[in-house]
Structures are given as C-alpha cells and as structure tokens.
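# Observations on the model geometry
Below, each chain spelled out in residue letters.
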Amino acid sequence: MPIWAVLLIIGTPLAVIVFFTTNNGQPPKYYFLFSFLGFIASALWISAAATEVVNLLRTFGVVFRLSNTVLGLTLLAWGNSIGDFVSDLTLARQGYPRMAFSACFGGIIFNVLIGVGLGCLLQMGPSKTVLQLDAHDLLVWILAGGLGISLVFSLVFVPVQCFHLRRTYGFALLVLYVLFLIVALLTEFGIIKLET
C-alpha cells in the first residue's frame, strides 16, 4: 500500500474529529497533542529531506567517480554545516560572539560523539559486533589527522592567547581547512599516495 494512502486513511478520520470537536473561540483540551504531532511531522520531513540529499550525493559520486569519503568531507559536510554557519555568523554579528563560539564547538562535539556513536550502533546492529574501518586507506588517516590537528591547534592557541581571539586565529583555522581539503582531494585523485 502506498504511503499516501496510509496517510489518507489515518488523516481523514483525525481531521473529521478535530473539525467537529473544536471551535475558533478557544483551544481544545487536547491542544498539547498538536505540538507533539508537529514535532513528529517535522522530524519525518527532515528525515525524508536528508535521505534525498544523501541519494543525490551518491548520484554525484557515481557520475564524477568520487568515493563516499570525499563526498562526506565536501558536499555532505558543507550541506550539513551551512545552517550552523549562518546562525553562528548571525549571532556573532548581533554581538554574541561567545554564544557563536560555543555553538561552533558544541555542534562539532555533538556531531562527533552522537553522530559517530549512533552511526556505529546502527551500522553494527544485532548481527555485527565490530565496525571495521579500512586502516590501509590513506584518506582515513588524513581525516583523523585533520580533525586531530585542528583540535590540538585550538587547544594550544586559545589558552596561549588568554582566550582573546583575534583575526589571526580565524585566518589560521581557514588556512588549516583549505590545506586539509587540498591534501584530502589530492589523495582521492591519486596524486598523493603511500608507497607500498
């Protein structure tokens, strides 16, 4: 049975019940359910949109012969972070740089810990007990190294500057990201490779 038919069968009786048990003068007694159902509907829409974005990225990967790793560290990462980027930039311009700074690192920590944690749990499932990464793939080491270098750089640079961040810190982070991206792409296209 198609999903639109299931939604029509469930939605029509609910719509009739709401129509006959409510009026425009006051909210119904079950008003709190609307916010709960709105949250579930929003989560379902976000999930559907994310699935379509991933499928579109896979199509790009097939067309341009790119690995899933490169798609993840470029297009998917940019698409995933654009909302955080805009909100953090807006916060900083409105005079809340501390909130923007903590949101940047809070988002990364959430993505790494919860995203990787849940991803590993879902990938393993009841049958698998281990998630195996390809340790011989140089790109995996570059990803881990890029993350480690950027975190260690911030861990050292921020306290050394007595937590007064200047333009040099932002410029240095941008340079680190560009270098990381160049090395990762050169590795993907075979220009940088391990000698065996």
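Remember, predicted model here, so these are calculated numbers, not experimental data.

Turning our eyes to something else, we now look at the overall build of the protein. Of regular secondary structure, the protein possesses six helices and zero strands. Ordered by position from the N terminus, the helices and strands of the protein form the series α-α-α-α-α-α. Taking 2.2 N^0.38 as the reference for a compact globule, 196 residues should give roughly 16 Å; the C-alpha atoms of the protein span a radius of gyration of 23 Å, well beyond that estimate. Overall size of the protein, expressed as C-alpha extent along the three principal axes, is 70 × 45 × 35 Å. Counting the 196 residues in the protein, one finds 11% classified as buried. Look at the contacts in the protein between residues 6 or more apart in sequence, and 48% of them connect residues 24 or more apart.

Below, the discussion takes up the packing of helix 3 (residues 68–93) against helix 4 (residues 97–124). For the pair helix 3 and helix 4, the least separation of the axes is 7 Å and the interaxial angle reads 160 degrees. With respect to helix 4, the element helix 3 is oriented roughly antiparallel. By crossing handedness, the relation of helix 3 to helix 4 is classed as left-handed. Across the interface between the two elements, Asp 88, Leu 91 and Ala 92 of helix 3 pack against Pro 97, Met 99, Ala 100, Ala 103 and Cys 104 of helix 4. Taken together, the residues that form the contact of helix 3 with helix 4 break down as seven nonpolar, no polar and one charged.

This part is about unusual backbone geometry. Here the phi dihedral of Cys 162 falls at roughly 55 degrees; this positive angle occurs in a residue that is not glycine. In the Ramachandran plot, Phe 163 falls in the positive-phi region, its phi being about 60 degrees despite a non-glycine side chain. For Phe 163, the location among the structural elements is in the loop between helix 5 (138–160) and helix 6 (167–188).

Turning our eyes to something else, we now look at the nonpolar core. Within soluble globular proteins, side chains that are nonpolar tend to cluster in buried spots. Within the largest apolar cluster, seven residues are counted, these being Val 70, Leu 73, Leu 139, Ile 142, Phe 180, Leu 181 and Ala 184. Mapped onto this core, the elements with two or more residues apiece are helix 3, helix 5 and helix 6. Per-element tally for this core: the top contributor is helix 6, with three residues. Setting aside anything within four residues of it in sequence, one finds Ala 184 in contact with Leu 73, Leu 139 and Ile 142.

A few words now on the packing of aromatic side chains. Under the criterion given, the structure shown has nine aromatic pairs. A connected cluster of aromatic rings, assembled from ring pairs, spans Tyr 30, Tyr 31 and Phe 34.

Those residues carrying the UniProt feature "transmembrane region" (unreviewed entry) are residues 6–23, 30–50, 56–78, 99–118, 138–158 and 170–192 in this numbering. A helix fraction of 89% and a strand fraction of 0% characterise residues 6–23, whose end C-alpha atoms lie 27 Å from each other. The span residues 99–118 carries 100% helix and 0% strand; its end-to-end C-alpha distance comes to 26 Å.

Procedures and definitions
Residues numbered from 1 in each chain as written. Predicted model: local features only at pLDDT ≥ 70, side-chain atom pairs only at ≥ 80, totals over all residues. Heavy atoms only, no water. Helix = DSSP H or I, 4+ residues; strand = E, 2+ residues; numbered from the N terminus. Rg over C-alpha atoms; globule rule 2.2 N^0.38 Å. Buried < 20%, exposed > 50% of the residue type's maximum accessible area, 1.4 Å probe, protein only. Contact = heavy atoms within 4.5 Å. Axes fitted to C-alpha atoms, helices over the stretch in contact; angles between N-to-C directions. Parallel < 35°, antiparallel > 145°, perpendicular 65-115°, else oblique. Left-handed = near helix turned anticlockwise from the far one by under 90°. Nonpolar A, V, L, I, M, F, W, Y, C, P; charged D, E, K, R; others polar. Core = buried A, V, L, I, M, F, W, Y, C linked by side-chain atoms within 4.5 Å. Phe/Tyr/Trp six-rings, centres within 6.5 Å; stacked < 30°, edge-to-face > 60°. UniProt positions renumbered as here; feature names shortened; annotations may be inferred.

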